[in-house]
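One-letter residues, chain by chain:
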Amino acid sequence: MSRWTPKQIAHMREALRLARQGWGLVSPNPMVGAVLAKRGRVIATSWHTGPGQPHAEVSALALAGPKAKGAELYVNLEPCNHQGRTGPCAEAIIESGVAKVFYSVPDPNPVASGGAARLEEAGIQVDRGLLADESWELNQFFFKYSTTAKPFVIVKAAASLDGKIATRTGDSRWISSKAARNFSHHIRAGVDAVMIGRTTAAKDDPELSARPWGRRKMHRQPWRIVLDPLLKLPRDLKLFNPQLGGPTVVVCAPEAGQKDREGLRRLGHAVWEVPRAASGLLSLAAVIDEIGRAGLQSVLIEPGATLASSALLEEPVADLIHMFLAPKFLGGKEAPSLLGGPGLENLGLAKELDILKIGRMGPDIHLVLRPSGAFGPSSVQPQAPILGYGHLTDDLDELYGTDPPDSPEAGD
Ligand code: AOF
Ligand code: ZN
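Bear in mind that the values here come from a model prediction, so they are computed numbers and not experimental data.

**Describing the nonpolar core**
Right, so step 1: One finds Leu36, Leu73, Ile93, Val98, Val101 and Ile154 to be the most contacted residues of the largest nonpolar core, which totals 80 residues.
Right, so step 2: Looking at this core, the element that brings in the most residues is helix α1 (residues 6–19), giving five residues.
Right, so step 3: Of the residues that make up this core, three or more belong to each of domain 1 (6–134) and domain 2 (141–208 + 284–411).
Right, so step 4: Ignoring sequence-local partners within four residues, the contact set of valine 101 consists of Leu73, Val75, Pro79, Ile93, Leu119, Ile124, Gln125, Val126 and Asp127.

Following this line, the structure appears as structure tokens:
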């Protein structure tokens, strides 16, 4: 038996639904929604729309005005207690005369936390833990970064049923369906950075921008990160187009030439040096550390065969894997498979992955996988289950509208 009533659960569910509208808008802040209710009826709702904008609770209180007195507030994160870009929510709640606050999970940000204690001190009833599991999962990026200073790492990959990423002649566009590719743009829209390796950059010449379909306009683009040990990628690639806005980060090895580094910097790009791992490839763990140092809370890796092999086998860094399997066979001993690299010597070395979700994306099979030991809700709260990333897939039509079947699609 839940200790919450169906009505209370419904109010928090609505707060979470509202919070999800902040996907791609709020970083480095968390996604937060707020519902004010009185005698079981909703009197005002709001959500946090981005850094510098009012917090969800404060804007819901402003909408309710004097009606907030005696109301219940439902919010998926502990109200803050600090003067940041905006004022402390706890004080606004106290002033409004709200009688009771339900929040899902504590704020792990040491600067902002302490709101619940402040509310109780002022005589407001506080109830913790309503839909906590969903709320942990919703703000994974924020929670991982706040507690480890490292970004949440997502790997996205697509292959045929026999694990091929191209035919024997190299034909690879497209193996996965438009729906699966749309989903990638949705993930790109919500992460702080997108990363690829040098072969993918040279071969596909991608722009790496987030271009979700429909009504949502991107007001910022994820950082583009490309691994190029010796800085030999041609400078006329789309990635280096200064018109794209925001920097492209090129990650290189210690022996990369100074002239090449300076040339890239002159073009406005950033160059990061990292050591090589035992495999001889750039150390992914070091790249992930650098991404954290740059203040980025999440990164999507869209790997070719080499990067997939390092990120999933040799130097595992993924917290979550989105895998699309197109229901077709391509065959061919020489046709490239998902993972290049040397591969494992024996089965005992293979790491198990938890299957969080088996779904469909258009005609494709969509698997959501979690390597054991990766970051998850249980990393911050023991016993928290992992729910399967419903929030990343369930609301796409609500966020973007339905995708017209023949909408034009630009490159990659
Ligand atoms: C809340 N409600 O809606 C959000 C909260 O720079 P600021 O002032 O926007 O503060 C950002 C911090 O506030 C962020 O790191 C997180 O700890 C908290 N976010 N808190 O009570 C909200 N977005
Ligand atoms: Zn706040």
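**Focus on the coordination of the zinc ion (ligand 2)**
Right, so step 1: Only His55 (ND1), Cys80 (SG) and Cys89 (SG) from the protein reach the zinc ion (ligand 2) as donors, at distances of 2.0 to 2.2 Å.
Right, so step 2: Note that the zinc ion (ligand 2) binds four donor atoms; their angles at the metal cover 94 to 122 degrees, and the shape is tetrahedral.
Right, so step 3: Within one chain, the residues serving as donors to the zinc ion (ligand 2) are arranged as H-x24-C-x8-C. Taken together, the positions of histidine 55 in the loop between β2 (41–47) and α2 (56–64) and cysteine 89 in helix α3 (residues 89–96) put the pair 34 residues apart, joining distant regions of the chain.

**Comments concerning the sheet that holds strand β14 (residues 364–371)**
Backbone-to-backbone hydrogen bonds pair the strands of a sheet. The strands run either parallel or antiparallel.
Right, so step 1: Here nine strands make up an open sheet; going across it, the order is β10-β9-β8-β7-β11-β6-β12-β14-β13 and the pairing mixed. Lying at the two open borders of the sheet, with one neighbouring strand each, are β10 (270–273) and β13 (353–361). Direction aside, the axes of adjacent strands within the sheet are offset by 20 degrees on average.
Right, so step 2: Each of β9 (248–252) and β10 is contacted by helix α9 (residues 258–266), which is oriented at about 145 degrees to β10, the strand it contacts most.

**Observations concerning the pattern of salt bridges**
Right, so step 1: Evaluation of the coordinates by the stated rule reveals 19 salt bridges.
Right, so step 2: Glutamate 302 is the partner of arginine 188 in a salt bridge, and the nearest nitrogen-oxygen pair spans 2.7 Å. With arginine 188 in helix α7 (residues 178–190) and glutamate 302 in the loop between β11 (298–301) and α11 (305–314), this residue pair connects regions lying 114 residues apart in the sequence.
Right, so step 3: By relative accessible area, which is 2% here, arginine 188 ends up buried.
Right, so step 4: Here aspartate 260 ties to lysine 232 by a salt bridge, and the two come within 3.0 Å at their closest N and O atoms. Placement of the pair is aspartate 260 in helix α9 and lysine 232 in the loop between β8 (223–227) and β9, with a sequence separation of 28 residues.
Right, so step 5: Several salt bridges converge on common partners, so that one network encompasses Glu91, Arg118 and Glu121.

About the thresholds
Residues numbered from 1 in each chain as written. Chains lettered and ligands numbered in written order. Predicted model: local features only at pLDDT ≥ 70, side-chain atom pairs only at ≥ 80, totals over all residues. Heavy atoms only, no water. Core = buried A, V, L, I, M, F, W, Y, C linked by side-chain atoms within 4.5 Å. Buried < 20%, exposed > 50% of the residue type's maximum accessible area, 1.4 Å probe, protein only. Helix = DSSP H or I, 4+ residues; strand = E, 2+ residues; numbered from the N terminus. Domains from an automatic or database assignment. Contact = heavy atoms within 4.5 Å. Donors = N, O, S within 2.8 Å, 3.2 Å for Na, K, Ca; no water. Tetrahedral: all angles 85-135°; square planar, octahedral: opposite > 155°, others 65-115°. Pairing = 2+ DSSP bridges. Axes fitted to C-alpha atoms, helices over the stretch in contact; angles between N-to-C directions. Salt bridge = Lys/Arg side-chain N within 4 Å of Asp/Glu carboxyl O.

All quantities given are derived from atomic positions and should not be read as evidence of function.
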